[in-house]
Amino acid sequence: MAELHIYDVIRRPVITEKTTGMVDDDNKYVFEVARNANKIQIKEAVEEIFELEGKVLKVNTMNMPAKRGRRGRNWYIRSRQWKKAVVTLEDGVSIELFNV
């Protein structure tokens, strides 16, 4: 298996109403990550990209299934399958990207 570069591990931040509440309440940040990335790679990528050096406490990952739709008898895929990572940081530490 080829080693992923840190900028290939994290695809984009997931910013929704629910994730904004998670940032405010629990200091948890949500990212879309590469489907073959593991928790160790995600932790190292977040620490290096956002310059946190050991401030990541925990990483939870989950595979989000593709959403399917139907038109008549035909099924189609409305959104692709993707992997989500919820990164918990220490108290008092924040990522400036989410404070916009």
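Our subject is the structure listed above.
Since we're looking at a predicted model, the values are computed, not measured.

Enquirer: Where do I start with the side chain of T88 in this structure?
Expert: For T88, the location among the structural elements is in strand 6 (residues 82-89). Apart from the residues within four sequence positions on either side, T88 is in contact with D26, N27, K28, K55, V56, L57 and K58.

Enquirer: Would you explain the layout of surface pockets in this entry?
Expert: A water-sized probe rolled over the atoms picks out the places where empty space is left. A volume near 240 Å³ is recorded for the largest pocket. Along its surface, the largest pocket is lined by 14 residues, and V14, V30, M64, W82 and K84 are the ones closest to its centre. Elements with a contribution of two residues or more to the lining of the largest pocket: helix 2 (17-26), strand 3 (56-64) and strand 6. Here the residues of the lining of the largest pocket are counted per class, giving 8 nonpolar, 3 polar and 3 charged.

Enquirer: How should unusual backbone geometry be read in this particular structure?
Expert: Trans peptide bonds make up most of the peptide bonds, and negative phi angles are found at most residues other than glycine. One non-glycine residue, N27, lies in positive phi territory at about 60°. If you trace the backbone, N27 turns up in the loop between helix 2 and strand 2 (28-33). Assessed through its relative accessible area of 10%, N27 is described here as buried. At E53, a position not held by glycine, the phi torsion is positive, near 35°. Inspection of the secondary structure assignment puts E53 in the loop between helix 3 (39-49) and strand 3.

Enquirer: It is not clear to me how the sheet that holds strand 1 (residues 10-13) should be interpreted in this structure. Could you clarify?
Expert: Note: strands within a sheet are paired through backbone hydrogen bonds, in either parallel or antiparallel orientation. Taken in spatial order, the 4 strands make up an open sheet running 1-2-6-3, and their pairing is antiparallel. Strands with a single pairing partner mark the edges of an open sheet, and in this sheet they are strand 1 and strand 3. Taking the axes of each pair of neighbouring strands and ignoring which way they run, one obtains an average angle of 30° across the sheet. The strands that helix 2 touches are strand 2 and strand 6; relative to strand 2, the one it contacts most, it runs at about 140°. In the packing of helix 3 onto the sheet, the strands contacted are strand 1, strand 2, strand 3 and strand 6, and the crossing angle to strand 3 comes to about 125°.

Enquirer: Got a minute to help me understand the pairing of strand 4 (residues 67-71) in this structure?
Expert: Sheet topology note: the strand 4/strand 5 (residues 74-79) ladder contains 5 bridges and is antiparallel. What sits directly across from R70, in strand 5, is W75. A loop of 2 residues connects strand 4 with strand 5, the two strands running antiparallel in sequence, and G72 in this loop sits at a positive phi of about 65°.

Enquirer: I tried to follow the pattern of salt bridges on my own but got confused; where do I start?
Expert: Pairing is possible between side chains that carry opposite charge, provided their charged atoms lie close to one another. Applying the stated criterion across every chain, the model contains 2 salt bridges. E32 serves as the salt-bridge partner of R12, at 2.6 Å between the closest nitrogen and oxygen. Here E32 lies in strand 2 and R12 lies in strand 1, a separation of 20 residues in the sequence. Among the residues examined, R12 registers a relative accessible area of 39% and is labelled partly exposed.

The rules behind each value
- Residues numbered from 1 in each chain as written.
- Predicted model: local features only at pLDDT ≥ 70, side-chain atom pairs only at ≥ 80, totals over all residues.
- Heavy atoms only, no water.
- Helix = DSSP H or I, 4+ residues; strand = E, 2+ residues; numbered from the N terminus.
- Contact = heavy atoms within 4.5 Å.
- 1 Å grid on protein atoms, 1.4 Å probe; cavity = no way out; pocket = protein on both sides within 12 Å on 5 of 7 lines; lining within 4 Å.
- Points joined across faces, edges and corners; volume = space filled by probe spheres on them.
- Nonpolar A, V, L, I, M, F, W, Y, C, P; charged D, E, K, R; others polar.
- Buried < 20%, exposed > 50% of the residue type's maximum accessible area, 1.4 Å probe, protein only.
- Pairing = 2+ DSSP bridges.
- Axes fitted to C-alpha atoms, helices over the stretch in contact; angles between N-to-C directions.
- Salt bridge = Lys/Arg side-chain N within 4 Å of Asp/Glu carboxyl O.

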